[in-house]
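Observations on the three-dimensional arrangement
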Number of protein chains: 2
Amino acid sequence: MKKDTINIYDIAEMAGVSIATVSRVMNGSEKVSEKTRRKVMEIIEREGFTPNVFAQGLGLNTMHTVGILVPDIADLYMSAAVAWLEESLSEKGYECILSCSGFAPEEKQKHTEMLLTKHVDALIYVGSTYAGSGRSEDETEYIRKAAKQIPVFIINGYVKGDNVYSSVNEDEEAVYEVTLKLLEKGRRKPVFITDSGSYSALQKKRGFERAVKSRGMDRTEEMEIHVANSIYAVRDTLLAAGKEIDAVIATNDTIAVGAVKYAKAAGKRVPEELEIVGYNNSDIVMAVEPELSSIDNKTEQVCRDTVERMIKVLENSGNIDNSKVSVSCRFVERNTTHIN
Amino acid sequence: MKKDTINIYDIAEMAGVSIATVSRVMNGSEKVSEKTRRKVMEIIEREGFTPNVFAQGLGLNTMHTVGILVPDIADLYMSAAVAWLEESLSEKGYECILSCSGFAPEEKQKHTEMLLTKHVDALIYVGSTYAGSGRSEDETEYIRKAAKQIPVFIINGYVKGDNVYSSVNEDEEAVYEVTLKLLEKGRRKPVFITDSGSYSALQKKRGFERAVKSRGMDRTEEMEIHVANSIYAVRDTLLAAGKEIDAVIATNDTIAVGAVKYAKAAGKRVPEELEIVGYNNSDIVMAVEPELSSIDNKTEQVCRDTVERMIKVLENSGNIDNSKVSVSCRFVERNTTHIN
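Residues numbered from 1 in each chain as written. Chains lettered and ligands numbered in written order. Predicted model: local features only at pLDDT ≥ 70, side-chain atom pairs only at ≥ 80, totals over all residues. Heavy atoms only, no water.

1. Let's talk about the sheet that holds strand β10 (residues 293–296) of chain B
All names here are of chain B. With mixed pairing, 6 strands are arranged side by side in an open sheet as β7-β6-β8-β9-β10-β12. Two strands in the sheet have a free side with no partner beyond their single neighbour: β7 (224–226) and β12 (330–332). Each strand of the sheet is rotated relative to its neighbour by a mean of 20 degrees, with strand direction disregarded. Relative to strand β9 (residues 275–279), strand β8 (residues 247–250) runs parallel, the two being bridged by 3 bridges. When the sheet's bridge partners are listed, A247 is paired in β9 with E275. The sheet strands contacting helix α9 (residues 199–214) are β6 (190–194), β7, β8 and β9, and the helix crosses β6 at an angle near 170 degrees. (Pairing = 2+ DSSP bridges. Helix = DSSP H or I, 4+ residues; strand = E, 2+ residues; numbered from the N terminus. Axes fitted to C-alpha atoms, helices over the stretch in contact; angles between N-to-C directions. Contact = heavy atoms within 4.5 Å.)

Set out below in structure tokens:
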């Protein structure tokens, strides 16, 4: 390879053809004229271009290895997602290597670069933190840069860019609907509790605000509480706040469990005096008493679908929808709410 | 490198010196005679020997990357351990890449080989499944094979071999002591519940059996229940068994939470009629009601100590105790027991 940064876009440009054509040539497709094939191959050979993504199709050089990035592997949602990804990838004959990047922008970039040196065939980012807050495109530039080398997939976050495939949950809609149901049955003091300002957390917040505003409640900032992601921190924050509340919408299950602990400490009956909704439908929902109602964002399905898309992209088989895929959520009622 | 499998042992043998001497030469230590230094360097150069572990000391070729293997990343204990390892490694300037191997022997070997192709400086195995059941040395041969290339560390399991560094919890002692306390206060129908036949599970079982036998109870097999690692599976198994029990010692917290759910379903008061002890002191102990007493195996400390040892080995600084390190456990009493 003459220069490190050469990629499929450069080859396509030099040959004056589309990326799809370059890809077809690399994969030995018969749907390319002999003249075009020869022109593209000349440039490929001249430039010494053999990125993994196409070597895949040729059975050359590929390690059948996918890099997965996750900010915090101790998080219930993320460790479950990684486990599903690993299982799906393994079924397809792919190994995976995982990198824990933390949440800092420079670390996300550093860990991305590290994985690229490991000759992985694709990258999968788990968690909406990688999609940034949506305030600036700069936040996600490292993802588009990686996507110039290999295809990139985002679980639960949207990043715009070529060769970037996003899967998002319809979080806004899910929170909107649940909040509305709580308001319709008479709840008047709902709070939205989050530990994050990520893409996904902002979607949820928007759903909450839309619901309460639709019922004529405008002072939404008074109904929003930012906490640390720990059961006791949530309990103690709510006790200290001394707020009158009758419903909690939490952005994850750990926070919701903290709200259950708060109810117990404050002598409030759940769900009679305080209804609580968690998010992610993770294993912890069964441990708590009463068992937690939670919004299921279908982690298994999202992970399996992402791996299916990845295989299609890597093997250049089938039509790929490059725009984001949206997955609807499902409210699972257990014993901390009574709205269905 | 003339042959792929050449390692430090080969170099030491060819030079007729110890491994430590080869290592000192590679690290430029002054504690080697000029004659020995020259002899070792000649062989190293002739054989083209530059494994990562020593390149580390020379600042050459190393990726500052550690491979971590884990059977199931969705497991609470394992994901917490990986998070601690990642944090400690990161503090020391190391990246980590993780591979989820599952529990099958051939997969453990395959994933080990995959990580070795990624030019990692060391391997860390998380979980006692990697140490096998202790019935045959063959079970752990893949670990000794890897250790011929790079140093290998085991979290919570003991594997004998050169360049293999084990850290084990004193699980037998911890279970023995807690079980004995339960018997001393009058419990007569204790059960030991496990989902595993791993090194660590067998240690715990031994502690349980030693305690009950010391009180004249010999039919230990009737007091042992094997279950799937799921809250509801444990609850339903105990309900179906219809056994009279007054104490549960579980090999992990998920199983113990299942026992709490069983007590609720069976109308037994915890801890008055049924005392329950979990294991790992994971985050889930706070979610359940009553909050779970659990044996803390000090995951953070074990992980941090392992990373410290790894740095010493890689940088050849300080004396390394090649035998296993034992870490004592700590019983954390919450509300499912009353023995302290």
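2. Some remarks on the packing of helix α10 (residues 231–241) of chain A against helix α11 (residues 253–266) of chain A
Working note: a packed helix pair is described by the angle between its axes plus the distance between those axes. Residues and elements named next belong to chain A. Relative orientation of the contacting elements α10 and α11 amounts to 50 degrees, with a least axis distance of 7 Å. One way to sum up the angle between α10 and α11 is to call them oblique. For the crossing formed where α10 meets α11, the hand is right-handed. Residues I231, V234, R235, L238 and L239 of α10 form the contact with α11, whose own contacting residues are T254, I255, V257, G258, A259, K261, Y262, A265 and A266. Residue classes in the contact of α10 with α11 are distributed as 10 nonpolar, 2 polar and 2 charged. (Parallel < 35°, antiparallel > 145°, perpendicular 65-115°, else oblique. Left-handed = near helix turned anticlockwise from the far one by under 90°. Nonpolar A, V, L, I, M, F, W, Y, C, P; charged D, E, K, R; others polar.)

3. What to know about the sheet that holds strand β12 (residues 330–332) of chain A
All names here are of chain A. Reading across the sheet, the 6 strands line up as β7-β6-β8-β9-β10-β12 and stay open at both edges, with mixed pairing between neighbours. Edge positions in the open sheet fall to β7 (224–226) and β12, since each of these has one partner strand only. On average, each strand axis in the sheet is inclined to that of its neighbour by 20 degrees, with strand direction left out of account. Taken together, the 3 bridges between strand β6 (residues 190–194) and β7 define a ladder with parallel strand orientation. The partner of F192 across the bridge, within β7, is E224. Strands β6, β8 (247–250), β9 (275–279), β10 (293–296) and β12 of the sheet are contacted by helix α8 (residues 171–184), whose axis makes an angle of about 170 degrees with β9. Sheet contacts for α11: β6, β8, β9 and β10; angle to β9, the most-contacted strand, approximately 160 degrees.

4. Focus on the side chain of B:K108
Structurally, B:K108 can be placed in helix α6 (residues 105–116). Among buried charged residues, B:K108 stands out as having no salt bridge; its nearest opposite-charge side chain is B:E139, 7.4 Å away. (Buried < 20%, exposed > 50% of the residue type's maximum accessible area, 1.4 Å probe, protein only. Lys, Arg positive; Asp, Glu negative; His and termini not counted. Salt bridge = Lys/Arg side-chain N within 4 Å of Asp/Glu carboxyl O.)

5. Describing unusual backbone geometry
Leave glycine aside and you will find that most residues have negative phi; peptide bonds, for their part, are mostly trans. In this chain, B:V270 is followed by B:P271 through a cis amide linkage whose omega measures 5 degrees. With respect to the secondary-structure elements, B:P271 resides in the loop between α11 (253–266) and β9. For A:N163, which is not a glycine, the phi torsion comes out positive at approximately 65 degrees. The phi angle at B:N156 is positive, at roughly 65 degrees, despite the residue not being glycine. Mapping B:N156 onto the fold places it in the loop between β4 (152–155) and β5 (164–169).

6. A word on the relation of the copies chain A and chain B
Expressed as a screw transformation, the operator carrying chain A onto chain B has a rotation angle of 180 degrees and an axial translation of 0.1 Å, and the superposed copies differ by an RMSD of 0.1 Å. Seen this way, the second copy is the image of the first under a two-fold rotation axis. (Least-squares fit on C-alpha atoms with pLDDT ≥ 70 in both.)

7. Considerations on the packing of aromatic side chains
Residue and element names in this part refer to chain A. Per the stated rule, a full pass over the model turns up 8 aromatic pairs over all chains. Ring centres of Y125 and Y142 lie 6.0 Å apart, and the angle between their planes is 80 degrees; this geometry places the pair in the edge-to-face category. Placement of the pair is Y125 in strand β3 (residues 122–126) and Y142 in helix α7 (residues 141–147), with a sequence separation of 17 residues. The exposure class assigned to Y125 is buried, which follows from its relative accessible area of 0%. Just above the ring of Y176 sits the side chain of R210; from NZ or CZ to the centre is 4.1 Å. (Phe/Tyr/Trp six-rings, centres within 6.5 Å; stacked < 30°, edge-to-face > 60°. Lys NZ or Arg CZ within 6 Å of the ring centre and 35° of its normal.)

8. Side note on α6(B)
Between its first and last C-alpha atoms α6(B) spans 17 Å; for 12 residues at 1.5 Å apiece the expected length is 16 Å, and the two agree. Within α6(B), the full set of buried residues consists of B:K108, B:H111, B:T112, B:M114, B:L115 and B:L116. (Expected span 1.5 Å × (residues − 1).)

9. Observations concerning the environment of A:E141
Residue and element names in this part refer to chain A. Counting through the fold element by element, E141 comes out in helix α7. The class for E141 is partly exposed, based on a relative accessible area of 42%. Separated by 147 residues in sequence, E141 and V288 place their C-alpha atoms 41 Å apart.

10. Things to note about the interface of chain A and chain B
Often, the extent of an interface is quoted as the loss of accessible area upon association of its parts. Taken together, the contacts link 35 residues of chain A with 35 residues of chain B. Across the chain A/chain B interface, buried area totals approximately 3,000 Å², and carbon plus sulfur atoms make up 58% of it. Interface area lost by chain A to chain B is led by A:E95, A:K118 and A:E289, which between them contribute 19%. Counting every contact that joins chain A to chain B gives 6 salt bridges. The interface formed by chain A and chain B includes 15 residue pairs in polar contact (both at pLDDT 80 or more). Of all the secondary-structure elements, those providing two or more residues to the side of chain A that touches chain B are α5 (76–91), β2 (95–100), α6 (105–117), α10, α11 and α12 (284–287) of chain A. Across the side of chain A that touches chain B, the residue classes break down as 20 nonpolar, 6 polar and 9 charged. (Buried area = accessible area lost by both parts, 1.4 Å probe. Polar contact = N/O pair within 3.5 Å; in protein donor to acceptor, adjacent residues only side chain to side chain.)

11. Let's talk about the domain arrangement of chain A
Its domain assignment divides chain A into domain 1 (8–57), domain 2 (65–170 + 299–328) and domain 3 (171–297). Here the C-alpha centroids of domain 1 of chain A and domain 3 of chain A sit 52 Å apart. (Domains from an automatic or database assignment.)

12. Focus: the pattern of salt bridges
Summed over all chains, the structure comprises 42 salt bridges over all chains. Taking the shortest distance from any N to any O, the salt bridge between A:R187 and A:E275 comes out at 2.7 Å. With A:R187 in the loop between α8 and β6 and A:E275 in strand β9, the pair connects residues that are 88 residues apart, well separated along the chain. Residues A:R187 and A:E275 agree in their burial class; the two are buried. Across the pair B:R37 and B:E34 runs a salt bridge, and its minimum N-O distance is 3.2 Å. Remark: B:E34 and B:R37 occur in helix α3 (residues 34–47); sequence separation between them is 3 residues, near one turn of the helix. Using a relative accessible area of 41% as the deciding quantity, one classes B:E34 as partly exposed. Ionic contacts of the salt-bridge type, sharing partners, join the residues A:E87, A:E91, A:E300 and A:R304 into one network.

13. Things to note about the nonpolar core
Residues A:M310, B:V126 and B:M310 are the most contacted members of the largest nonpolar core, which totals 58 residues. Ignoring any residue separated from it by four or fewer positions in sequence, one finds B:M310 in contact with B:V66, B:L89, B:Y94, B:A122, B:I124 and B:F153. With 52 residues, the next largest nonpolar core counts B:V248, B:A250, B:I276 and B:V288 among its residues. (Core = buried A, V, L, I, M, F, W, Y, C linked by side-chain atoms within 4.5 Å.)

14. Digging into the confidence of the model for chain A
Detailed reading of predicted coordinates is not advised where the pLDDT is low. All names here are of chain A. Averaged over every residue, the pLDDT of chain A is 88; residues scoring 70 or more account for 90%. Low pLDDT, under 50, characterises residues 51–61; the predicted model gives this stretch 27 contacts beyond four residues in sequence or across chains. Our summary of model confidence lists the complex with pTM equal to 0.75 and ipTM equal to 0.72. (pLDDT = per-residue confidence, 0-100.)

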